[in-house]
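In case you want the letters, here they are:
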Amino acid sequence: MSIGTKQILCQLKYITLVILLASGCGPAGQSASPVAAVPVSVSETEPDQVVIEQELVPTYQEPTQDDKQKIQYEKPAQIIKNPYIDIYLGLADVINVKMRDDQREKKIIIHGLARVFDNKKKEIDSTEFSLSGAPHDGERTFDLNAQFNEEADSSVKPVVRGRGTCLAVDPSSSNKCPQVVVDFFIAYKGKMLNYQMRIKQIADQKPPGLPQPETTNPKENTTAPEAAPIAAPEAEVAVVEETTSKAVPVEADLSKEFAEGAEKSIEGPYVAQVRQANITELFANDKAQIIKPKKPIDPVKPEPAKPEPTRPDPKKPVVPVKPTPPPRPENPPVKGNGKIINKNFKETADGIVRPIMQAYGQADRGWLVGATSIKSKEQSLSSKAFFEVMPSSHESYFGTYETAELITRLGEKIHAWYASKIFISSISVKNGGKFGPHLSHQNGTDIDMAYPSAFSEIKFPAVMVLERTINEKNQNRYINHYYPNRMSFEKTFHLFKYAFSQPDIKIERLFVDNYIKRDLCRFATAKGYFKGPEKQFVQNMFEKIEHVAGHGTHFHLRLECSPEDLECRPKLYKKNNGCDDFK
């Protein structure tokens, strides 16, 4: 064979090899993995990422000793009520997780190992799993079912299914689920377990068109609800003088935003799917059938038990006011049948069309979408509105549906009992987010409300007043003057008790000044509430009432995330001993 012929053959072999490689073929034993470990582009003319492998991490991890700094934090609830079955947290986890997001096929595939534990955290069983699913156009949630049709019998081995929640969806992007929270459901020997994970780089981003929230330390936030004013470098602070003399009616200064102090808290799991997922459909092929198929029904809200406070002696008896149903949204869509109507509204079992997906993120790092105007609700109820939204330079009277509903109920109750109103200052601005000087009040779940006054003409009694003086060394001296006789502890206690008794709207935390909490504890003790049938309820209530500086002129009520707000993220707080600290 001549040299020229050899060169031609070599060139042909080279061209053939290039064609084979370009078509995806290669020499035996060197085929590329079908899953790319990094984003892959289809071609120079189609630069979008089509297959992305992403790492999932738990949404909640118990703080380490370094994180705790000798602080004990609350833990997430261990049992969650789902319409189909009670779901247990803390008895399972998922490890070695790999998630592939195939944007071209619009499909998510997740592999991993699920482990089940006993009550002493000892592993008792495990199983490998492979799930797949895809969000449909316009939907925020999707099922993750078994990728392969394997036998499933949770009476023998754990059976794993999942439900994904797409966060911060950008409608202009080809990737309809750029960030996702996954609730893994593990059925095992008659129990349903849950473990929640999220994409690692998630950063609580707002939808396009809204300013991004300011980020804080994801592990611990020590600057919420609001930053208290910083005294001069040589200021002398921490002096409190109690005034027990005859009460003088004094109104708090509402011309300025209230400056509030700090509470210690950490991030909890997202609301996501634990309370709403259709578990029956997810586990339809489980031979064990630990869930009996049934159609969930939205519970009709029962009237909470009425506390019996010692009422004042009015000149004429007070006639209880029948609660007025909340107004429907302006131009609501056509009603459905007690189900989701569209991405913004649903109809409840009692025929109320209500907004959904309103509160996003945390109270101190979040935003608000489709806000409910508490001011508009006050105006629509007119003379039947037994609450009043005070003027605000920020127009901070927007919240969630639950916020407006609770304010309405509290107003009705305080009017029925005492022929008075409740008074509101800050909630959130229309789109949520930070507004000075507040660091919280960002997602519509925080309410600043006046303590019930001892004087009918005073709306916001100045119970704790910070006064600045100069000491003998010409230094600033700040003194808190405590005027307990300016507020009614009877009215306040029963208002708190009624707020905490709501079956469908839960209180996450209530911030007050420590002296006010002390005297509320004394009131409850004197009236025998720690010995009667409501003993445990009252104890639990006080464990959620926490001292935060700056709450001497108002209390700060924070709602739990509603099951309707899947992207809302609750907080876990420093453990509270209730009234035990004052015994």
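Note that the structure is a prediction, hence the values are computed from the model and not measured. (Residues numbered from 1 in each chain as written. Predicted model: local features only at pLDDT ≥ 70, side-chain atom pairs only at ≥ 80, totals over all residues. Heavy atoms only, no water.)

Among the secondary structure elements, His 551 is positioned in the loop between strand 28 (545-547) and strand 29 (555-559). On the accessibility criterion, His 551 (0% relative accessible area) is buried. A polar contact is formed between the side chain of His 551 and the backbone oxygen of Val 548, at a distance of 2.9 Å. Not counting the four nearest positions on each side in its chain, His 551 is found in contact with Glu 260, Tyr 451, Phe 511, Val 512, Asp 513, Ile 516 and His 556. (Helix = DSSP H or I, 4+ residues; strand = E, 2+ residues; numbered from the N terminus. Buried < 20%, exposed > 50% of the residue type's maximum accessible area, 1.4 Å probe, protein only. Polar contact = N/O pair within 3.5 Å; in protein donor to acceptor, adjacent residues only side chain to side chain. Contact = heavy atoms within 4.5 Å.)

One finds Ile 422, Phe 493, Phe 496, Phe 542, Phe 555 and Leu 557 to be the most contacted residues of the largest nonpolar core, which totals 51 residues. The residues contacting Phe 496, other than those within four sequence positions of it, are Tyr 451, Leu 510, Val 512, Leu 520, Met 541, Ile 545 and Phe 555. Grouped together as the second largest cluster of nonpolar side chains are 26 residues, Val 94, Ala 114, Leu 144 and Val 182 included. (Core = buried A, V, L, I, M, F, W, Y, C linked by side-chain atoms within 4.5 Å.)

On to the packing of helix 4 (residues 374-381) against helix 5 (residues 401-418), then. Two quantities define a packed helix pair, namely the angle between the helix axes and the distance between the axes. Their axes nearest at 10 Å, the elements helix 4 and helix 5 cross at an angle of 45°. Here helix 4 lies oblique to helix 5, going by the angle between them. Taken as a pair, helix 4 and helix 5 cross one another with a handedness that is right-handed. Seen from helix 4, the contacting residues are Ile 374, Lys 377 and Leu 381; seen from helix 5, they are Thr 403, Ala 404, Glu 405, Ile 407 and Thr 408. Tallied by class, residues from the contact of helix 4 with helix 5 come to four nonpolar, two polar and two charged. (Axes fitted to C-alpha atoms, helices over the stretch in contact; angles between N-to-C directions. Parallel < 35°, antiparallel > 145°, perpendicular 65-115°, else oblique. Left-handed = near helix turned anticlockwise from the far one by under 90°. Nonpolar A, V, L, I, M, F, W, Y, C, P; charged D, E, K, R; others polar.)

This part covers unusual backbone geometry. Between Gly 436 and Pro 437 the backbone carries a cis peptide bond, its omega angle lying at 0°. The topology assignment puts Pro 437 in the loop between strand 23 (422-424) and strand 24 (446-449). With phi around 50°, Gln 289 is a residue other than glycine that occupies positive phi space. With respect to the element layout, Gln 289 can be found in the loop between helix 3 (279-282) and strand 16 (345-347).

Turning to helix 4, its buried residues are Ile 374, Lys 377, Glu 378 and Leu 381. Here the buried residues of helix 4 occupy an arc of 100° about the axis, which is enough to place them on one side. Lining the buried residues of helix 4 we find strand 20 (372-373), strand 21 (387-389), strand 22 (398-399) and helix 5. Following helix 4 by one or two positions, Ser 382 adopts a phi angle in the positive range, close to 55°. (Arc of directions from axis to C-beta.)

One can find Gln 442 in the loop between strand 23 and strand 24. Residue classification places Gln 442 among the buried residues on the basis of a relative accessible area of 4%. In this structure the C-alpha to C-alpha distance between Gln 442 and Ala 363, which are 79 residues apart in sequence, comes to 5.2 Å. From its side chain, Gln 442 meets the backbone oxygen of Asp 364 in a polar contact 3.1 Å long.

Another point: the packing of aromatic side chains. Evaluation of the coordinates by the stated rule reveals 13 aromatic pairs. With centroids separated by 5.5 Å and ring planes inclined at 55°, the aromatic side chains of Phe 129 and Phe 184 adopt a geometry described as tilted. Within this pair, whereas Phe 129 is found in strand 8 (residues 123-133), its partner Phe 184 is found in strand 11 (residues 179-188), the two being separated by 55 residues in sequence. One exposure class covers both Phe 129 and Phe 184, and it is buried. Each member of the aromatic cluster is reached from another via a ring pair, and the members are Phe 493, Phe 523, Tyr 529, Phe 530 and Phe 542. Directly above the ring of Tyr 88 sits Lys 191, whose terminal nitrogen or CZ lies 4.6 Å from the centroid. The ring centre of Tyr 483 lies 3.7 Å from the NZ or CZ of Arg 486, which sits over that ring. (Phe/Tyr/Trp six-rings, centres within 6.5 Å; stacked < 30°, edge-to-face > 60°. Lys NZ or Arg CZ within 6 Å of the ring centre and 35° of its normal.)

Further remarks concern the state of the cysteines. With the rule as written, the count across this model stands at two disulfides. With a sulfur-sulfur separation of 2.0 Å, Cys 521 is cross-linked through a disulfide to Cys 579. What sets the handedness of the Cys 521 and Cys 579 disulfide is the S-S torsion sign, and at about -85° it is left-handed. Remark: Cys 579 occurs in the segment after strand 30 (571-573) and Cys 521 occurs in helix 7 (residues 514-526); sequence separation between them is 58 residues. Using a relative accessible area of 4% as the deciding quantity, one classes Cys 521 as buried. A disulfide bridge connects Cys 561 with Cys 568, and the sulfur atoms are separated by 2.0 Å. The sign of the S-S torsion, about -65°, decides the handedness of the disulfide formed by Cys 561 and Cys 568: left-handed. (Disulfide = S-S within 2.5 Å.)

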